Amino acid sequence: MMDFNFPKDRPIDVICLGRAGVDLYAKEENTDFLDVSGFDKHVGGSPANIAVALARLGAKPGLISCVSDDGLGRYVCDYLNREGVDTRGVVLDASGTRTSLAITEMKAKDCEVVIYRHNAADLSLTAEQVNQSYIASAKVLLVTGTALSSSPSREACLVAIQYAKAAGTKVVLDVDYRAYSWASPEDSATYYQLVASMSDIVIGNREEFDVMEHLVDQGNKDDDKTAKRFLTGSTQVVIIKAGEFGSKVYTRDGEYFAQGIFPVEVKKPFGAGDSFAGALLYSLLQGDTLANGVKLGSAAAAINVSRKTCTDAMPTKQELLDFIEQRNVAA
């Protein structure tokens, strides 16, 4: 059985590094942008979503990011603070950068999302703004791949990982690939491979692993081969997600298993991966087995996509346990 040996007696369970932004969700479900009457405001961005997922479950998460020093940036910080996320690592930037904005339809399929990332505040995070002692106060550092897409955020991520390695803080890479953020496929493959080799756990979907393998094996669709390629360096666990087909889990010591999904009525296609990562890490930090952690992650993902929004749709621990129990009884 995989033993992660997380550091003990640290005040923060997981620090998430990367973007935090604002999401505007269509008020009406199954309605085109043309006919939507208005939008509801929420906090979004994968690292912020994961931090909230952890807080809802009872963990102690922190966030390292950069938001604009304006109403939107302050809204993000206020929301995260109220949710129980430690925001000491969040920088308010007054240089003219802007907090990311995503505007979405609310559809299970063919859901259009319009994202504004010009001069994005989170990508302006510098290495000097990453506090070494803050990283050392956490059991886990989770880096999301979009933060690697350009400088100076890229260097800030690499410095944070070096601080984590020095402190014995475990490193998790959530690939979180967004093509529009990267200059080229070669750039993304290069930096993803570098950071994957420095990470204890690597989480991504099949398409994201395709991006990571761009320089070495274009066209490979063999999950076993992919896992073997990335179970090198520091990496102990590779999780390859496949949407409605569940996920495959591989470990350095040869363990392999698959986890199916929990069928639900889907309201929107986003948020599942962030809920999955939050519940998985929460479970592992409690000393659960990897298999149970992935099961909890899959259940959390199902709950999230059955609800509107991302952050507010994250389940509490009791909601998560009740959801699984109901499915077990039904089975």
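Residues numbered from 1 in each chain as written. Predicted model: local features only at pLDDT ≥ 70, side-chain atom pairs only at ≥ 80, totals over all residues. Heavy atoms only, no water.

Q: Please explain the side chain of Ser283 as it appears in this structure.
A: Within the secondary structure, Ser283 sits in helix 8 (residues 272-285). Using a relative accessible area of 0% as the deciding quantity, one classes Ser283 as buried. In this structure, Ser283 is in contact with Asp288, Asn292, Gly293 and Leu296, ignoring residues within four places of it in sequence. (Helix = DSSP H or I, 4+ residues; strand = E, 2+ residues; numbered from the N terminus. Buried < 20%, exposed > 50% of the residue type's maximum accessible area, 1.4 Å probe, protein only. Contact = heavy atoms within 4.5 Å.)

Q: Help me understand the packing of helix 1 (residues 46-57) against helix 2 (residues 71-83), please; the structure alone is not making it clear to me.
A: Packed helix pairs are specified by the crossing angle of their axes together with the interaxial distance, meaning the distance between the axes. Here helix 1 crosses helix 2 at 20 degrees, and the two axes come no closer than 9 Å. Between helix 1 and helix 2, the crossing angle belongs to the class labelled roughly parallel. Each of Ala48, Val52, Ala55 and Arg56 in helix 1 lies in contact with helix 2, whose residues at this interface are Tyr79, Leu80 and Glu83. (Axes fitted to C-alpha atoms, helices over the stretch in contact; angles between N-to-C directions. Parallel < 35°, antiparallel > 145°, perpendicular 65-115°, else oblique.)

Q: Any chance you could explain the side chain of Asp174 here in plain terms?
A: Counting through the fold element by element, Asp174 comes out in strand 9 (residues 170-174). Buried Asp174, no salt bridge; nearest opposite-charge side chain is Lys241, N-O distance 4.8 Å. When neighbours within four sequence positions are excluded, Asp174 is seen to be in contact with Ile50, Val143, Thr144, Gly145, Ile203, Gly273 and Ala277. (Lys, Arg positive; Asp, Glu negative; His and termini not counted. Salt bridge = Lys/Arg side-chain N within 4 Å of Asp/Glu carboxyl O.)

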